[in-house]
Amino acid sequence: MSLKFTVVDAFTSKPFCGNPAAVIVLPENHTLPDSTLQGIAVEFNLSETAYIIQPTDSSPKKGRDGKEYVEFGLRWFTPASEIQLCGHATLASASVLYADSSLVPASVSEIRFSTLSGILKARRINSTPPKVELQFPSGDIEPASTEVEKFARKIVAEAMEGVGVQFVGISRREPYGIYLLIEIDDAVPLKGMMVDSGRLGPTGTQFPIVEICQRTKSEAGVDVQGYDYRVFAFPLGLSEDPVCGSAISFAASYWESKTKSREYIGGDRCVEFTNKVRAVSSRGGEIDAICDGGWVKLRGETRVASRGEIFL
């Protein structure tokens, strides 16, 4: 038996950049056990392998707005375990489906994924260059307890030399209970910084996913409204996640409140404010983040890196 796969670089349009995810559209009514799905993820050894589950009824349905959408199941596996939420692999999965008109007709813009984190939406964006938009739950950041802040300062001191901590935040909203946000000052650029990721994710930690971020500095006299970030998840088998979409939805509301408030034009009409988020890992990536109530819209580009078959 073999399965076709596509490796997609998410949140980039450049070769060897962004975050690669392996995407497999599982056969209808497949009976592959979770041990096989996990084994495939180990074989690819990417930050995530995504499995698209085809529905019994694949015909488009109409939403309350009268627009059509299609439904699929979606699961994500790291080389170590299945996870509850993954942004870049969802973006990659949507792009694979949009490229196959037998799965998503060209007339249909929206995909609804059934996941461990509930229903997540993706839609095509008519932009130049073309992008895909994801709708993820907002993290609703709050200040961490004194104990957690002390822990955060300790692991930063051990993992990153000469870095000052400005803020430590957590979220009580699922699935972000395992995420830890640490804002550092911008005296030392996060890009290119040497980080001992093992120190950021000690065994048994309550927060296996650590997001280190700082305000983006203006470049060449141009004011940049956004922030830079890197994500480390050593306990999940990832020394560093090159571009983590879920970490952006986790932190987006916090950064929107710091960078700019919404602009209102009479009544309840407002200008959609976009934070320009830069992943400053060695691969790098760019994401547009837009807060919309209890949700965050993530917009990004994708490119196909490879296609092939994996034999079981």
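As the structure is a prediction and not an experimental result, all values here were calculated from the model. (Residues numbered from 1 in each chain as written. Predicted model: local features only at pLDDT ≥ 70, side-chain atom pairs only at ≥ 80, totals over all residues. Heavy atoms only, no water.)

What follows is about the overall build of the protein. For the protein, the count of helices and strands is five helices and 21 strands. At 19 Å, the protein has a C-alpha radius of gyration in line with the 20 Å of a compact globule built from 312 residues. For the protein, the C-alpha atoms occupy an extent of roughly 55 × 50 × 35 Å along the three principal directions. By the burial criterion, 51% of the 312 residues in the protein qualify as buried. Of the roughly 14600 Å² of accessible surface on the protein, a fraction of 49% belongs to carbon and sulfur atoms. Side-chain charges in the protein split into 33 positive and 39 negative, and the spacing between the mean points of these groups amounts to 4 Å. (Helix = DSSP H or I, 4+ residues; strand = E, 2+ residues; numbered from the N terminus. Rg over C-alpha atoms; globule rule 2.2 N^0.38 Å. Buried < 20%, exposed > 50% of the residue type's maximum accessible area, 1.4 Å probe, protein only. Areas by Shrake-Rupley, 256 points an atom, 1.4 Å probe, with all protein chains shown as cover. Lys, Arg positive; Asp, Glu negative; His and termini not counted. Charge placed at Lys NZ, Arg CZ, Asp CG, Glu CD.)

For a regular strand, side-chain orientation follows a simple rule: the groups alternate between the two sheet faces. Within strand 9 (residues 131-137), six of the seven residues are buried, which leaves it mostly tucked inside the rest of the structure. With five bridges joining them, strand 8 (residues 118-125) and strand 9 adopt antiparallel strand pairing. Its bridge partner being in strand 9, Lys121 is matched across the sheet by Gln135. Looking at chain direction, strand 9 and strand 20 (residues 295-300) are connected through six bridges and run antiparallel. Of the residues in strand 20, the one forming a bridge with Leu134 is Leu298. (Pairing = 2+ DSSP bridges.)

This next bit is on the packing of aromatic side chains. What characterises a pair of aromatic rings is the spacing of the ring centres plus the angle enclosed by the ring planes. By the definition in use, this model includes nine aromatic pairs. Here Tyr51 and Phe77 contribute two aromatic rings whose centre-to-centre distance is 5.6 Å and whose plane-to-plane angle is 80 degrees, an arrangement assigned as edge-to-face. Here Tyr51, found in strand 3 (residues 48-53), pairs with Phe77, found in strand 5 (residues 68-77); they are 26 residues apart in sequence, far enough to count as distant. Considered together, Tyr51 and Phe77 belong to a single accessibility category, that of buried residues. Each member of the aromatic cluster is reached from another via a ring pair, and the members are Phe167, Tyr227, Tyr229, Tyr254 and Trp255. (Phe/Tyr/Trp six-rings, centres within 6.5 Å; stacked < 30°, edge-to-face > 60°.)

The next thing to look at is the nonpolar core. In this structure, Phe72, Trp76, Val104, Ile111 and Tyr229 are the most contacted members of the largest nonpolar core, which totals 60 residues. Within the second largest apolar cluster, 22 residues are counted, among which are Val163, Leu180, Ile184 and Met193. (Core = buried A, V, L, I, M, F, W, Y, C linked by side-chain atoms within 4.5 Å.)

What follows concerns the confidence of the model for the protein. Looking at the protein, the pLDDT average stands at 91 and 94% of residues meet or exceed 70. Taken as a whole, residues 261-267 scores under 50 in pLDDT and shows 13 contacts with residues more than four places along the chain or in a different chain. (pLDDT = per-residue confidence, 0-100. Contact = heavy atoms within 4.5 Å.)

Our focus in this paragraph is the pattern of salt bridges. Oppositely charged side chains can form a pair if their charged atoms are brought close together. Applying the stated criterion across every chain, the model contains 20 salt bridges. One salt bridge connects Glu149 with Arg153, and the closest N-O pair in it is separated by 3.1 Å. Of this pair, Glu149 and Arg153 are both found in helix 3 (residues 146-159), four residues apart, which corresponds to roughly one turn of the helix. The network of salt bridges with common partners includes Asp9, Arg283 and Arg303. (Salt bridge = Lys/Arg side-chain N within 4 Å of Asp/Glu carboxyl O.)

Attention shifts here to the side chain of Asp185. Mapped onto the secondary structure, Asp185 falls in the loop between strand 12 (179-184) and helix 4 (197-200). Looking at Asp185, its side chain comes within polar contact range of the main-chain nitrogen of Ala187, at 3.2 Å. Once residues within four sequence positions are removed from consideration, Asp185 is found in contact with Gly164, Gln166 and Gln214. (Polar contact = N/O pair within 3.5 Å; in protein donor to acceptor, adjacent residues only side chain to side chain.)

Further remarks concern helix 1 (residues 34-44). What helix 1 keeps buried is the set Leu37, Gln38, Ile40, Ala41 and Phe44. With its buried residues spanning 155 degrees around the axis, helix 1 presents them on a single face. Of the exposed residues in helix 1, the ones pointing more than 90 degrees away from its buried face are Ser35 and Glu43. Its buried side turned inward, helix 1 meets strand 1 (2-10), strand 2 (19-25), strand 3, strand 5, strand 6 (82-83) and strand 21 (302-311). Asn45, located one to two residues past helix 1, shows a positive phi value of around 55 degrees. (Arc of directions from axis to C-beta.)

Moving on: the environment of Gly39. In this structure, Gly39 sits in helix 1. Expressed as a C-alpha distance, the spacing of Gly39 and Leu312, which sit 273 residues apart in the sequence, is 9.9 Å.

Moving on, we get to the state of the cysteines. For the structure on display, the rule yields zero disulfides. The thiol of Cys86 is not disulfide-bonded; the next cysteine sulfur, from Cys244, is found 6.5 Å away. What makes Cys86 buried here is its relative accessible area of 4%. (Disulfide = S-S within 2.5 Å.)

A separate point is the side chain of Ser95. Structurally, Ser95 is set in helix 2 (residues 87-98). Engagement of the side chain of Ser95 in a polar contact is seen with the backbone oxygen of Ala92, the distance being 2.7 Å. Beyond its immediate chain neighbours, meaning those up to four positions away, Ser95 contacts Val8 and Thr302.

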